Amino acid sequence: MNERQFLKGQRVITPEGHGEVIDAIGEKVTVKLDNGTTATYAADDLQDNFSAG
C-alpha cells in the first residue's frame, strides 16, 4: 500500500506550484496555493515541500 499522509499546515508542491494543506480526507487533499487559489488534489499528485530540497 502506497499511502501518503498530509497534515493541515504542511507545505507541499502541487502540479500548479507551492501551497499549504488546508484539509486532507483520505486520498483527497485541499491546498491553498501561494497565488491565493484553492484546489483539491489526489495525494499521489503532491510532494512534501521539505523533501524537494
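To start, this report covers the structure provided alongside it. Values in this document were obtained by computation on a predicted structure and should not be read as measured data. (Residues numbered from 1 in each chain as written. Predicted model: local features only at pLDDT ≥ 70, side-chain atom pairs only at ≥ 80, totals over all residues. Heavy atoms only, no water.)

What to know about the pairing of strand E3 (residues 28–33)
- Alignment of strand E2 (residues 17–25) against E3, held across 6 bridges, turns out to be antiparallel. Across the sheet, Glu20 pairs through a bridge with Lys32, a residue of E3.
- From the end of E2 to the start of E3, which pair antiparallel, there are 2 residues, and Gly26 there has a positive phi angle of about 60°.
- The antiparallel hairpin formed by E3 and strand E4 (residues 38–42) contains 4 residues in its connecting segment, where Gly36 sits at a positive phi of about 100°. (Pairing = 2+ DSSP bridges. Helix = DSSP H or I, 4+ residues; strand = E, 2+ residues; numbered from the N terminus.)

Here we look at the nonpolar core
- If you look at the biggest cluster of nonpolar residues, it comprises 9 residues: Phe6, Val12, Val21, Val29, Val31, Leu33, Tyr41, Ala43 and Leu46.
- Broken down by element, the residue count for this core peaks at 3 residues, all from E3. (Core = buried A, V, L, I, M, F, W, Y, C linked by side-chain atoms within 4.5 Å. Buried < 20%, exposed > 50% of the residue type's maximum accessible area, 1.4 Å probe, protein only.)

Brief notes about the side chain of Thr30
- Along the polypeptide, Thr30 turns up in strand E3.
- A distance of 3.2 Å separates a polar atom in the side chain of Thr30 from a polar atom in the side chain of Thr40.
- Non-local contacts of Thr30, meaning those with residues more than four positions away in its chain, are made with Glu20, Val21, Ile22, Asp23, Thr38, Ala39 and Thr40. (Polar contact = N/O pair within 3.5 Å; in protein donor to acceptor, adjacent residues only side chain to side chain. Contact = heavy atoms within 4.5 Å.)

Considerations on the sheet that holds strand E5 (residues 47–48)
- Taken in spatial order, the 5 strands line up as E4-E3-E2-E1-E5 in an open sheet, and their pairing is antiparallel. Looking at strand neighbours, the two that pair on one side only are E4 and E5, the edges of this open sheet.

Here we look at the pairing of E4
- In terms of strand pairing, E3 meets E4 through 5 bridges, oriented antiparallel. Within E4, the position partnered with Lys28 by the bridge is Ala42.

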